[in-house]
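The lines below spell out each chain.
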Amino acid sequence: MFWIFATISEIIYVLIVLRRLQQPILDLHQNSDLFFILVSLTILLVLYFSFYRVINWKQLSAKKIFLVSVLFQVTFLFTPFLTSDDIYTYVFSSRLLPIWGANPYTIPFDNFPQDPIYQQVKTMWSSFTVIYGPLFLHIGAVINLIGQNSFNILISLFKATLIGANIANSLLIYKLTNSKKALFLYGSSPLIIFELAGNGHLDSILILFLLISFFLLSKKPTFGFTSLTASVLIRYFTIVLAPFFSIYILHKGIRSFALALVLSLVLVIGVYIPFWTSPYIFDYLISYYNEVSPFPSLGILAGLVIFESYKVSFNVNTLLFLLILIILTIKLFRSKNDIAQLIFFSMLLYWVFLLTKLNLVLTWYLAPVIALSSLCLISKKYSNYGVKGIALASLYSLVLYFWVR
């Protein structure tokens, strides 16, 4: 049964690649491309959930599940992107410092039209400063130093790095849960394959550091917190989990917590030093966060209908998020240290964050939810919630493809 799933899914992924190679981008604003993507992903999701229910898990080895996941992802290795050209933004954002000695937090890429690859990688975002975390810019800087001015080499290196990180994510999820089902749910998720392998989004690295943090928490909690900090320094979203990790480490002792804070502070200072000129480097990030978007969190949309004011809705949703955060933090503080509960609460809070706090929700922002939901299979107590979380995220992604077009 598993090989039927793998074969049909791979055929669909190959068809997606072939269609993409016929045009510069799969444009979701074009009805034909939108229809093709929605139908393809719907079929993939039906296969994914149907075979999850009927596969004989006892007879299926983790190695086979992993290798099929690798096959799905490597299929997209030499396709720069599918529906989003963000990988170009990753390239030019992270080359400003090593190639031009410029600060990407204060100077946009459009200031360097003389860059040998300017015409090839410029996007709608090249006139803005960056919103990515500094650790990702350092990773990208290393790739730019290797690839220099070769467009093909740079894109290949970025894509290989992002896909490689996501392959490592599958291994870590299996290592953490010892569950073939969890490995399948993450490694074969159509959303994960399409967005993190197909489009090559940086969230694969964010998830990598997040998973490493869970892996380290039980034996080396201080390094676990530092790894969470590294995740935040890729894209800032995972900072919402910091209170939960703090509680977990505090249960280990105040000394462990203090050391974790010191190590994280050293990491933050270290990666920001090359970019730091003044607190104004965050101006664009703050303005971006407060910007009014037609595609915000569902809670903000609901509030907009109720209050007829984006600002009021945004503030009400902030209060709602903080209230839920406080409740879950208190509950976690009163509980014994339990990694399964920490994972479950992290999944819940990340859902609340997505539903209440974002001015713009894009499909790949759901990827960490898939990872956290897969980790919930670490315990029978939370496994059903994990599967339901993945189902909800998958269905929500289809809505977003149509909505954000």
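Right above here is the structure, for reference.
What comes next is a walk through the structure.

Reading the values: the criteria
Residues numbered from 1 in each chain as written. Predicted model: local features only at pLDDT ≥ 70, side-chain atom pairs only at ≥ 80, totals over all residues. Heavy atoms only, no water. Helix = DSSP H or I, 4+ residues; strand = E, 2+ residues; numbered from the N terminus. Rg over C-alpha atoms; globule rule 2.2 N^0.38 Å. Buried < 20%, exposed > 50% of the residue type's maximum accessible area, 1.4 Å probe, protein only. Contact = heavy atoms within 4.5 Å. Areas by Shrake-Rupley, 256 points an atom, 1.4 Å probe, with all protein chains shown as cover. Lys, Arg positive; Asp, Glu negative; His and termini not counted. Charge placed at Lys NZ, Arg CZ, Asp CG, Glu CD. Salt bridge = Lys/Arg side-chain N within 4 Å of Asp/Glu carboxyl O. Patch = residues over 30% accessible without salt bridge, like charges linked within 9 Å, V, L, I, M, F, W, Y side chains within 5 Å.

### Examining the overall build of the protein
Along the backbone of the protein there are 19 helices and zero strands. The C-alpha atoms of the protein give a radius of gyration of 21 Å, which matches the 22 Å a tight globule of 405 residues would have. Counting only C-alpha atoms and orienting by the principal axes, one finds that the protein spans roughly 60 × 50 × 50 Å. Relative to its full complement of 405 residues, the protein shows a buried share of 57%. Partitioning the contacts of the protein with sequence separation of at least 6, the portion at a separation of at least 24 is 76%. Carbon and sulfur atoms make up 69% of the accessible area of the protein, which totals about 17,400 Å². Computed over 26 positive and 13 negative side-chain charges, the separation of the two mean positions in the protein equals 20 Å.

### A word on the pattern of salt bridges
One pass over the full model with this rule turns up three salt bridges. A salt bridge links Arg19 to Asp33; its shortest N-O distance comes to 3.0 Å. Taken together, the residues span a long stretch of sequence, with Arg19 in helix α1 (residues 2-21) and Asp33 in helix α2 (residues 31-54) at a distance of 14 residues. Taking relative accessible area as the criterion, Arg19 reaches 24% and is therefore assigned partly exposed. For Asp33, a relative accessible area of 4% gives the class buried. Taking the shortest distance from any N to any O, the salt bridge between Arg95 and Asp115 comes out at 2.8 Å.

### Some thoughts on a nonpolar patch on the surface
A surface patch of nonpolar side chains, amounting to about 440 Å² of accessible area, comprises Ile11, Val14, Leu15, Leu18 and Leu21. Tracing the backbone through its elements, the reader meets Leu21 in helix α1. On the basis of relative accessible area, Leu21 is assigned to the exposed category, the value being 55%.

### As for unusual backbone geometry
Unusually for a residue other than glycine, Gln148 sits at a positive phi of about 50 degrees. The residue Gln148 is located in the loop between α6 (134-147) and α7 (151-177) in this model. A relative accessible area of 36% means that Gln148 is categorised as partly exposed.

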